[in-house]
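The residues making up each chain are set out below.
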Amino acid sequence: MPLENIAILVQDLTKQYKKTNSAALKGLSFHVRQGEIFGYLGPNGAGKTTTIRIMAGLSQPTEGLCQIFGKNTVDYSGLHNDLGVVFEESNLYERLSGLENLRFFARLHGVPLDRAKDLLYQYGLEGAAKKPIGTYSKGMKRRLLICRALLHDPRVLIMDEPTSGLDPTSAGVIHNAILQYRKQGKTVFLSTHDMAEADSLCHRVAFINQGEIAALDEPQILKRRFGKPALVVEFSPDSKDPHAAAALEKHAADAGFTLKQETGEVHKIHIPLDRQGLGAKLDWLSHRGQILTIHSQEASLGQVFQNVTGAHLQDKSPHIMDP
Amino acid sequence: MDIGRIWAIVAKDLLEALRNKTILVAIFLPLAASLSLAVIADPEKPVHLDVGVLGSDNYPLEVYLATSVPELVYVTHYEDLELGQEAVARGDIDVLITKNTAQDVNLPADFIAFTDGSSVGIQLAVKEILEPLLAAYLGRATEPTVDFIFINQSKPGQALIPLWLTITTVMVGVMILSGNFAEEKEKGTLDNIRISPAQDGEILVSKGISGVILIVLVSVIMLGLNKVTLPNIAGYISLALLIVMGAVIFTAIGLLIGIFSKTQSAARAISTIIYFPLIFPALAADFAPGAAKMAAFLPSFYLYRGLKETMLFSPSLFALKADLVGLTVFLLISFSGTMWGYRKVLRQER
């Protein structure tokens, strides 16, 4: 990959906190391509926010380097022009209105106020522009945070848990904003612990756990490499056979089924798609009751993460459009 | 340093301050108190009287006053009316007295007393201590009539303004600004400014300017509402200089507390603990020698004393040199301390 196509370069990044004598980052290395939506996934305390603070120039690495468009973030004076950051917390001035918040940052960046008004309109906040932030909903605050980050039209947008705690509709608005931004050829660094969000939005994802990159690739490749696809079968045991349910339970353990009792007599059975004995397993079921439905289920990023790190993460079903 | 960015932060801070109920209460309480308590007597009633007696014609009176209660009345002779009046204006003597020889219809009193119009305490002391002595001097059972002529044209309540100005300056600087800065850190809004083109130095300077403007604004409102007037330009210059220096010092102290506090509540707790020892020795210095010794190590002492001297006697800047030098020393210490603290915290955070 030619260096000029790299938006963010992180090399051997280490962050050691003197007070706690703990390492938040342990030699991270990865790069983000220009025009890419890069997912940065990990549980709370994995080191996501520390990485972002170093990228934003708010913190300095103990060792290693972090570059934005080839410039070290520690001493890059133009960093604030290239970077827009949406922090995890709603760090807005609550006593000021949405417009006043944006006006303040527009003045700092030397951007005309019309740009702020355009963004408020674009993100459906023009009606609330003159209301104090204290009256905004969480979703409105997040949209305003995005407006603020985009105010100076940065080349890279860094987002730390942008949809955390939002309802699906509000999250959808944020996802659309990310996709729109990416369509302009800009780069998005998306830190999240929502696997479904990362799966549907990101070109590549990196799993970070305890300050280290556990895996990094395209979501589909990771799922193929580390995931376990399965068949999900809804099955009703033969009601005339009093031992059918017990036999199913016994056979599930032997055959590697994952058995879940559904309402009534219907069981939901997960059969790993390991290409060995699948036909025999279905045949066994069909002789002991009625197969109601069969559908395939591909591995999720959550499963991949679990398989790679042994840790659990939030894994919602996808509700958003593909990138 | 970019003036546009600095002004953007100052304007934002002032707008926020005007919408912050805690700040408004902290500002309006002393303002309201300064207005309502202006009618109450000056608490600094002197324990003895410095009396000037005018002219050689009043020599018997001078001897009588000097010898009858020497522990209560200290007597100085003035031959010239103008010099005596200037002594009253400067605060060298509490009252200049002369027997009324004219005794015409317009001025029928037995004595004429020139005294400081800004101090109710002195007027009370004149009435309590001097009038019985004058009655005895005249050999009367009833008190004589004394016509008071006030040298300082300002209102009696003006004597309390230095107290309120000092309290307000320390309160807004230490208690309010410390909390505001810590709030920016706690809520993460400071991070947003730090990832903007604003430099760290610009941010600190802006915060300092906002604090100074806020304190000066409140002081001007207080002076205006109390209709404070001074007899000469030098007095106004001294007053402005003292207010600005006090504002800078206590803004710097407030910022220093805010810089080292992780949360708004921590900043408020620290500033509350600091506030009382910072202000009370200075205010108590007049009547408690122990407090006076302690107060010499506090900027509030020099601010209060300077304001008091300026508002009561309007001295020249040179006459205030001890207070101005004291404030300058504290200004340098607090300013350097804040810069050092800011750099240290930024280094730690990075």
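Criteria and cut-off values
Residues numbered from 1 in each chain as written. Chains lettered and ligands numbered in written order. Predicted model: local features only at pLDDT ≥ 70, side-chain atom pairs only at ≥ 80, totals over all residues. Heavy atoms only, no water. Helix = DSSP H or I, 4+ residues; strand = E, 2+ residues; numbered from the N terminus. Contact = heavy atoms within 4.5 Å. Lys, Arg positive; Asp, Glu negative; His and termini not counted. Charge placed at Lys NZ, Arg CZ, Asp CG, Glu CD. Buried < 20%, exposed > 50% of the residue type's maximum accessible area, 1.4 Å probe, protein only. Areas by Shrake-Rupley, 256 points an atom, 1.4 Å probe, with all protein chains shown as cover. Domains from an automatic or database assignment. Polar contact = N/O pair within 3.5 Å; in protein donor to acceptor, adjacent residues only side chain to side chain. Disulfide = S-S within 2.5 Å. Buried area = accessible area lost by both parts, 1.4 Å probe. Salt bridge = Lys/Arg side-chain N within 4 Å of Asp/Glu carboxyl O. Patch = residues over 30% accessible without salt bridge, like charges linked within 9 Å, V, L, I, M, F, W, Y side chains within 5 Å. Core = buried A, V, L, I, M, F, W, Y, C linked by side-chain atoms within 4.5 Å. Pairing = 2+ DSSP bridges. Axes fitted to C-alpha atoms, helices over the stretch in contact; angles between N-to-C directions. Phe/Tyr/Trp six-rings, centres within 6.5 Å; stacked < 30°, edge-to-face > 60°. Lys NZ or Arg CZ within 6 Å of the ring centre and 35° of its normal.

1. Things to note about the overall build of chain A
Argument step 1. Of regular secondary structure, chain A possesses 11 helices and 14 strands.
Argument step 2. Principal axes of the C-alpha set define a box for chain A whose edges measure 80 × 45 × 40 Å.
Argument step 3. Long-range contacts, defined here as pairs at least 24 residues apart, represent 69% of the contacts in chain A between residues at least 6 apart.
Argument step 4. Distance from the positive charge centre (37 side chains) to the negative charge centre (35 side chains) of chain A: 6 Å.

2. Here's the deal with the overall build of chain B
Argument step 1. Of regular secondary structure, chain B possesses 13 helices and five strands.
Argument step 2. With the principal axes as the frame, chain B shows a C-alpha extent of 85 × 40 × 30 Å.
Argument step 3. Taken across its 350 residues, chain B has 53% of its residues classed as buried.
Argument step 4. Surface accessibility of chain B: about 15500 Å² in total, with carbon and sulfur atoms responsible for 68%.
Argument step 5. Looking at charge distribution, chain B has the averaged site of its 25 positive side-chain charges lying 16 Å from that of its 32 negative ones.

3. Overview of the domain arrangement of chain B
Argument step 1. The domain architecture assigned to chain B consists of domain 1 (3-40 + 157-349) and domain 2 (49-154).
Argument step 2. A C-alpha centroid distance of 40 Å is found between domain 1 of chain B and domain 2 of chain B.

4. Digging into the side chain of His152(A)
All names here are of chain A.
Argument step 1. Inspection of the secondary structure assignment puts His 152 in the loop between helix H5 (138-150) and strand S7 (156-160).
Argument step 2. With a relative accessible area of 15%, His 152 lands in the buried category.
Argument step 3. Among the polar contacts listed, one links the side chain of His 152 to the backbone oxygen of Leu 83, at a separation of 2.8 Å.
Argument step 4. With residues up to four places along the chain from it excluded, the contact list for His 152 reads His 80, Asn 81, Leu 83, Gly 84, His 109 and Val 111.

5. Some thoughts on the state of the cysteines
All names here are of chain A.
Argument step 1. What the rule picks out here adds up to zero disulfides over all chains.
Argument step 2. Residue Cys 66 stays outside any disulfide, its sulfur separated by 18 Å from that of Cys 202, the closest cysteine.
Argument step 3. Residue Cys 66 is classed as buried on the basis of its relative accessible area, which comes to 1%.
Argument step 4. Classification of Cys 202 by relative accessible area gives buried; the value is 5%.

6. Focus on the interface of chain A and chain B
Argument step 1. Between chain A and chain B, the residue contacts involve 26 residues of the former and 25 residues of the latter.
Argument step 2. Between chain A and chain B lies a buried interface of about 2400 Å² when both sides are counted; carbon and sulfur atoms form 55% of it.
Argument step 3. On the surface where chain A and chain B come into contact, there are four salt bridges.
Argument step 4. Linking Glu183(B) and Arg95(A) is a salt bridge whose minimum nitrogen-to-oxygen distance equals 3.0 Å.
Argument step 5. At the surface where chain A touches chain B, the tally comes to 10 residue pairs in polar contact (both at pLDDT 80 or more).

7. Notes on a negative patch on the surface
Residues and elements named next belong to chain B.
Argument step 1. Where like charges cluster on the molecular surface, the negative patch consists of Asp 57, Glu 79, Asp 80, Glu 82 and Glu 86.
Argument step 2. Within the secondary structure, Asp 80 sits in the loop between strand S2 (73-78) and helix H4 (81-90).
Argument step 3. Asp 80 sits in the partly exposed class, given a relative accessible area of 36%.

8. Focus on unusual backbone geometry
Residue and element names in this part refer to chain A.
Argument step 1. At Phe 69, a residue that is not glycine, the phi angle is positive and equals roughly 50 degrees.
Argument step 2. Mapping Phe 69 onto the fold places it in the loop between strand S4 (63-68) and strand S5 (71-72).
Argument step 3. Classification of Phe 69 by relative accessible area gives buried; the value is 17%.

9. Looking at the pattern of salt bridges
Residues and elements named next belong to chain A.
Argument step 1. For the coordinates displayed, the defined rule picks out 24 salt bridges over all chains.
Argument step 2. The residue Lys 48 makes a salt bridge to Glu 161 at a minimum N-O spacing of 3.4 Å. Here Lys 48, found in helix H1 (residues 48-55), pairs with Glu 161, found in the loop between S7 and helix H6 (168-183); they are 113 residues apart in sequence, far enough to count as distant.
Argument step 3. Among the residues examined, Glu 161 registers a relative accessible area of 4% and is labelled buried.

10. Considerations on the nonpolar core
Argument step 1. Of all hydrophobic cores here, the largest spans 64 residues; its most connected members are Met159(A), Phe207(A) and Ile193(B).
Argument step 2. The element best represented in this core is H5(A), accounting for seven residues.
Argument step 3. Contact partners of Met159(A), with chain neighbours within four places excluded, come to Ile52(A), Val86(A), Ile146(A), Ile174(A), Ile178(A), Val188(A), Phe189(A), Leu190(A) and Ser191(A).
Argument step 4. Grouped together as the second largest cluster of nonpolar side chains are 57 residues, Leu14(B), Leu177(B), Val212(B) and Phe250(B) included.

11. Some points on the sheet that holds S7(A)
Residue and element names in this part refer to chain A.
Argument step 1. In space, the six strands of this open sheet follow the order S6-S7-S8-S3-S9-S10, with mixed pairing throughout. Looking at the sheet topology across the chains shown, the edges are occupied by strand S6 (83-86) and strand S10 (212-217). The mean inter-strand angle of the sheet, taken between neighbouring strand axes irrespective of direction, is 15 degrees.
Argument step 2. With five bridges connecting them, strand S9 (residues 204-209) and S10 associate as antiparallel partners.

12. Some details on the packing of aromatic side chains
Argument step 1. If you walk through the whole model with that rule in mind, you get 16 aromatic pairs over all chains.
Argument step 2. Their ring planes at 70 degrees and their centres at 5.1 Å tell us that Phe207(A) and Phe305(A) sit as a pair that is edge-to-face. Taken together, the residues span a long stretch of sequence, with Phe207(A) in strand S9 and Phe305(A) in helix H11 (residues 301-309) at a distance of 98 residues. We note that Phe207(A), like Phe305(A), is buried.
Argument step 3. Considering the side-chain rings of Phe301(B) and Tyr302(B), the 5.1 Å spacing of their centres and the 75 degrees angle between planes classify their relative orientation as edge-to-face.
Argument step 4. Grouped by ring-pair contacts, the aromatic residues Phe30(A), Phe38(A), Tyr40(A) and Phe189(A) constitute a single cluster.
Argument step 5. For Arg155(A), the ring lying beneath its charged end belongs to Phe69(A), and the centroid distance is 3.6 Å.

13. A word on the environment of Ala198(A)
Argument step 1. Tracing the backbone shows Ala198(A) in helix H7 (residues 195-201).
Argument step 2. Apart from residues lying up to four places away in sequence, Ala198(A) is in contact with Leu41(A), Thr192(A), Val205(A) and Leu301(A).

14. Re the sheet that holds strand S5 (residues 146-150) of chain B
Residue and element names in this part refer to chain B.
Argument step 1. An order of S2-S1-S3-S4-S5 is seen for the five strands of this open sheet, with the pairing classed as mixed. For this open sheet the edge positions go to S2 and S5, each flanked by a neighbour on one side alone. Averaged over all neighbouring strand pairs, the angle between strand axes comes to 25 degrees, with direction disregarded.
Argument step 2. Sheet topology places strand S3 (residues 95-99) next to strand S4 (residues 111-115); five bridges connect them, and they run antiparallel. For Thr 98, the partnering residue across the bridge sits in S4 and is Ile 112.

15. Digging into the domain arrangement of chain A
Argument step 1. According to the domain assignment, chain A consists of domain 1 (3-224) and domain 2 (230-297).
Argument step 2. One C-alpha centre belongs to domain 1 of chain A, the other to domain 2 of chain A, and the line joining them spans 45 Å.

16. Digging into a positive patch on the surface
Argument step 1. On the surface, Arg103(A), Arg107(A), Lys117(A) and Lys130(A) cluster together into a positively charged patch.
Argument step 2. The exposure class of Lys117(A) is partly exposed, given its relative accessible area of 42%.

17. What to know about the environment of Asn21(A)
Residues and elements named next belong to chain A.
Argument step 1. Among the secondary structure elements, Asn 21 is positioned in the loop between strand S1 (6-17) and strand S2 (22-33).
Argument step 2. The exposed category is assigned to Asn 21, whose relative accessible area is 62%.
Argument step 3. A sequence separation of 58 residues divides Asn 21 from Leu 79, and the C-alpha atoms of the two residues are 29 Å apart.

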